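Residue strings, one per chain:
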Number of protein chains: 2
Amino acid sequence: METQESGEGFPTESIGDWASCAAEPGYRAAVLDLLGALAYGELSAFERLAEDAKFAPGIAEKAALARMASAEFQHYQLLHDRLAEVGVDPSAVMAPFVEPLEAFHRMTAPSDWLEGLVKAYVGDAIATDFYREVAVRLDDDTRELVLRVMSDTGHAQFAVDRVRQAIEEDPRVGGRLALWGRRLMGEALSQAQRVVAERDALSNLLVGGAQVQGFDLVEVGKMFNRITEAHTRRMAALGLAS
Amino acid sequence: METQESGEGFPTESIGDWASCAAEPGYRAAVLDLLGALAYGELSAFERLAEDAKFAPGIAEKAALARMASAEFQHYQLLHDRLAEVGVDPSAVMAPFVEPLEAFHRMTAPSDWLEGLVKAYVGDAIATDFYREVAVRLDDDTRELVLRVMSDTGHAQFAVDRVRQAIEEDPRVGGRLALWGRRLMGEALSQAQRVVAERDALSNLLVGGAQVQGFDLVEVGKMFNRITEAHTRRMAALGLAS
């Protein structure tokens, strides 16, 4: 473990509040992109979790996925309301991210209950990692919103118990789910790179623009590495080689 | 409008709290049935609304159905928690109602966005009517829970605006949706009768048992009539003959 990685912990210095930072058009566009991507991500997560509930073997399991889906919707609502509050059309801001997110879900449609659980867990965890990484780049108001959305995750713990139990009962399941976990991470990185390549303002926020405590491309690479490493540790904790 | 219909308004006299009423095994069994049916009804409503969101023509519409679905899940959670609180296994109590509710949804799967909207609106309204009717039969604690769940409905108002607008744009849509509304009500009554026929304790609560301010079969008929009449008025307000 390295010390003082820029993405871990929160900055001691504020870059200002939304009103002052948003005066810079590039920053404003980048944060709107970020909030739009997060908002549609939550809405599509709601939809997929609700759909994957059809695989649930019982009422309690169905309710557990429904609970996660509802939590995602609450996040969507917070992000949507902030977009409306700053005077933009939330649907228009989300629009560029519909296709990459739908593509991710199309490429990673679970074929059974356990694949759905692993996806719910991995998705929840990657989202939390990304929120934590990006929060340090943001003005005070946006950071507070992102941390608030993030603090309400972690509903996926039940998935861990169920998956671990299934692997104990039939170790062959572990091989199949390990492959599935790699595919999820691969598709997530692939769509994330597509978004970064297409959205200049958002990329500028990530690689550092005016008025932003920027980090360079090496830092972007490190961020993706940290998220990938965290994924690897989680998969191992789940009993899955990644 | 008749005055003093037994289902309208709330009783001035309490039949007692849950602890005292539940000492009577028939009453206890009936209320557990009722809560089980309501709980699974909310969970399956969540699932269907979330699935019907796939027909949404845009992000705002998708979010509106997701919002309704999440509200249904919150209701489920309240009912589930009460069941757990009184010491029963919520899944076991819900189990007898899975098949009638799944049958209802199977028979009334919307084929497009407008059918989905009408179903969301009608379902929400019938549920509210039924909650209001049944609340007056209940002990103080259970009534408070049922009214709390009910007070959070009404998310379906947006459906009214969208359906009315679609009929204005193309009046032929009204004929198809009127037929659809009749089918929804018919299937709902059919499954409700199936449940009442199969669940003795619940039927006893509805027709009046020991320690319950009972109402006779004529009153049950009146209750179904009131719900049907309210449905008719709502359909007319929506621009649909029922």
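Quick summary incoming for the structure in this document.

Calculation notes
- Residues numbered from 1 in each chain as written.
- Chains lettered and ligands numbered in written order.
- Predicted model: local features only at pLDDT ≥ 70, side-chain atom pairs only at ≥ 80, totals over all residues.
- Heavy atoms only, no water.
- Helix = DSSP H or I, 4+ residues; strand = E, 2+ residues; numbered from the N terminus.
- Buried < 20%, exposed > 50% of the residue type's maximum accessible area, 1.4 Å probe, protein only.
- Areas by Shrake-Rupley, 256 points an atom, 1.4 Å probe, with all protein chains shown as cover.
- Contact = heavy atoms within 4.5 Å.
- Buried area = accessible area lost by both parts, 1.4 Å probe.
- Salt bridge = Lys/Arg side-chain N within 4 Å of Asp/Glu carboxyl O.
- Polar contact = N/O pair within 3.5 Å; in protein donor to acceptor, adjacent residues only side chain to side chain.
- Nonpolar A, V, L, I, M, F, W, Y, C, P; charged D, E, K, R; others polar.
- Phe/Tyr/Trp six-rings, centres within 6.5 Å; stacked < 30°, edge-to-face > 60°.
- Least-squares fit on C-alpha atoms with pLDDT ≥ 70 in both.
- Expected span 1.5 Å × (residues − 1).
- Axes fitted to C-alpha atoms, helices over the stretch in contact; angles between N-to-C directions.
- Parallel < 35°, antiparallel > 145°, perpendicular 65-115°, else oblique.
- Left-handed = near helix turned anticlockwise from the far one by under 90°.

**Some thoughts on the overall build of chain A**
1) Next: Along chain A, the regular secondary structure elements total 11 helices and 0 strands.
2) Next: For chain A, buried positions account for 53% of its 242 residues.
3) Next: In the structure as shown, chain A presents an accessible area of about 10600 Å², 54% of it carried by carbon and sulfur atoms.

**Things to note about the interface of chain B and chain A**
1) Next: Contacts between chain B and chain A engage 23 residues on the former and 23 residues on the latter.
2) Next: Approximately 1900 Å² of surface area, both sides summed, lies buried where chain B meets chain A, with 67% of it carried by carbon and sulfur atoms.
3) Next: There are 2 salt bridges connecting chain B and chain A.
4) Next: The interface formed by chain B and chain A holds 4 residue pairs in polar contact (both at pLDDT 80 or more) in total.
5) Next: When residues of the side of chain B that touches chain A are traced back to their parent elements, those giving at least two are α2 (25-52), α3 (59-85) and α4 (90-94) of chain B.
6) Next: Class assignment of the residues belonging to the side of chain B that touches chain A gives a composition of 15 nonpolar, 4 polar and 4 charged.

**Some thoughts on the packing of aromatic side chains**
Each pair of aromatic rings is reported with the distance of its centres and the angle of its planes.
1) Next: Throughout the structure, instances matching the rule amount to 7 aromatic pairs over all chains.
2) Next: Measuring from ring centre to ring centre gives 6.0 Å for Phe46(A) and Phe46(B), while their planes differ by 80°; the resulting arrangement is edge-to-face. Of the two residues, Phe46(A) sits in helix α2 (residues 25-52) while Phe46(B) sits in helix α2, which places them in two different chains. Across this residue pair, the class does not change: Phe46(A) and Phe46(B) are buried.
3) Next: On the numbers, 6.1 Å between centres and 65° between planes, the contact of Phe46(B) with Phe73(B) is edge-to-face. Of the two residues, Phe46(B) is situated in helix α2 and Phe73(B) in helix α3; the sequence distance between them amounts to 27 residues. Accessibility assignment for this pair places Phe46(B) and Phe73(B) in one class, buried.

**Notes on the relation of the copies chain B and chain A**
1) Next: Relative to chain A, chain B is turned by 180° and slid 0.0 Å along the rotation axis, the superposed coordinates differing by an RMSD of 0.0 Å. On this basis, the relationship between the two copies can be described by a two-fold rotation axis. When C-alpha distances to the rotation axis are compared across chain B, the minimum falls at Ser70(B), with a value of 2.5 Å.
2) Next: Comparing contact sets, 100% of the residues at the interface of chain B also lie at the interface in chain A, consistent with an isologous, same-surface contact.

**Considerations on helix α6 (residues 113-135) of chain A**
All names here are of chain A.
1) Next: Under the 1.5 Å per step criterion, the end-to-end length of α6 is 33 Å for 23 residues, consistent within 8% with the ideal 33 Å.
2) Next: Burial within α6 is extensive, with 19 of its 23 residues counted as buried.
3) Next: Capping the start of α6 is the job of one residue whose side-chain oxygen sits 3.3 Å from the backbone nitrogen of Leu-114: Asp-112.

**Quick notes on the environment of Thr228(B)**
All names here are of chain B.
1) Next: Inspection of the secondary structure assignment puts Thr-228 in helix α11 (residues 217-237).
2) Next: Judged by its relative accessible area of 27%, Thr-228 is partly exposed.
3) Next: Along the primary structure Thr-228 and Asp-129 are separated by 99 residues, whereas in three dimensions their C-alpha atoms are 9.6 Å apart.
4) Next: If we ignore the near neighbours within four places in the chain, the residues touching Thr-228 are Met-185 and Leu-189.

**Here's the deal with the packing of helix α6 (residues 113-135) of chain B against helix α7 (residues 140-151) of chain B**
Residue and element names in this part refer to chain B.
1) Next: Where α6 meets α7, the closest approach of the two axes is 10 Å, and the angle between their N-to-C directions is 160°. Looking at the two axes, α6 sits roughly antiparallel to α7. As for how α6 packs across α7, the hand of that crossing is left-handed. Across from Thr-128, Tyr-131, Arg-132 and Ala-135 in α6, the residues of α7 making contact are Arg-143, Val-146, Leu-147, Val-149 and Met-150.
2) Next: Of the residues assigned to the contact of α6 with α7, the class counts are 6 nonpolar, 1 polar and 2 charged.

**Considering the packing of helix α3 (residues 59-85) of chain A against α3(B)**
1) Next: Two elements in contact, α3(A) and α3(B), have axes whose closest approach is 9 Å; the angle formed by their N-to-C orientations is 130°. Considering the angle they form, α3(A) stands oblique to α3(B). Judged by the sense of rotation from one axis to the other, the crossing of α3(A) with α3(B) is left-handed. Facing α3(A), whose interface residues are Ile59(A), Ala63(A), Ala66(A), Arg67(A), Ser70(A), Phe73(A), Gln74(A), Tyr76(A) and Gln77(A), α3(B) presents Ile59(B), Ala63(B), Ala66(B), Arg67(B), Ser70(B), Phe73(B), Gln74(B), Tyr76(B) and Gln77(B).
2) Next: Split into classes, the residues belonging to the contact of α3(A) with α3(B) amount to 10 nonpolar, 6 polar and 2 charged.

**As for the pattern of salt bridges**
Residues and elements named next belong to chain A.
1) Next: Considering all chains together, one arrives at 32 salt bridges over all chains under this definition.
2) Next: Note that Arg-176 and Asp-112 form a salt bridge whose closest N and O atoms lie 3.1 Å from each other. Of this pair, Arg-176 sits in helix α9 (residues 172-198) while Asp-112 sits in the loop between α5 (98-107) and α6, and the two are 64 residues apart along the sequence.
3) Next: When its relative accessible area of 36% is taken as the criterion, Arg-176 is described as partly exposed.
4) Next: Here Asp-170 and Arg-172 are joined by a salt bridge, their closest N and O atoms 3.1 Å apart.
5) Next: Its relative accessible area of 23% is what places Asp-170 among the partly exposed residues.
6) Next: Connected through salt bridges with shared partners, the residues Arg-48, Glu-51, Lys-54 and Glu-102 form a single ionic network.

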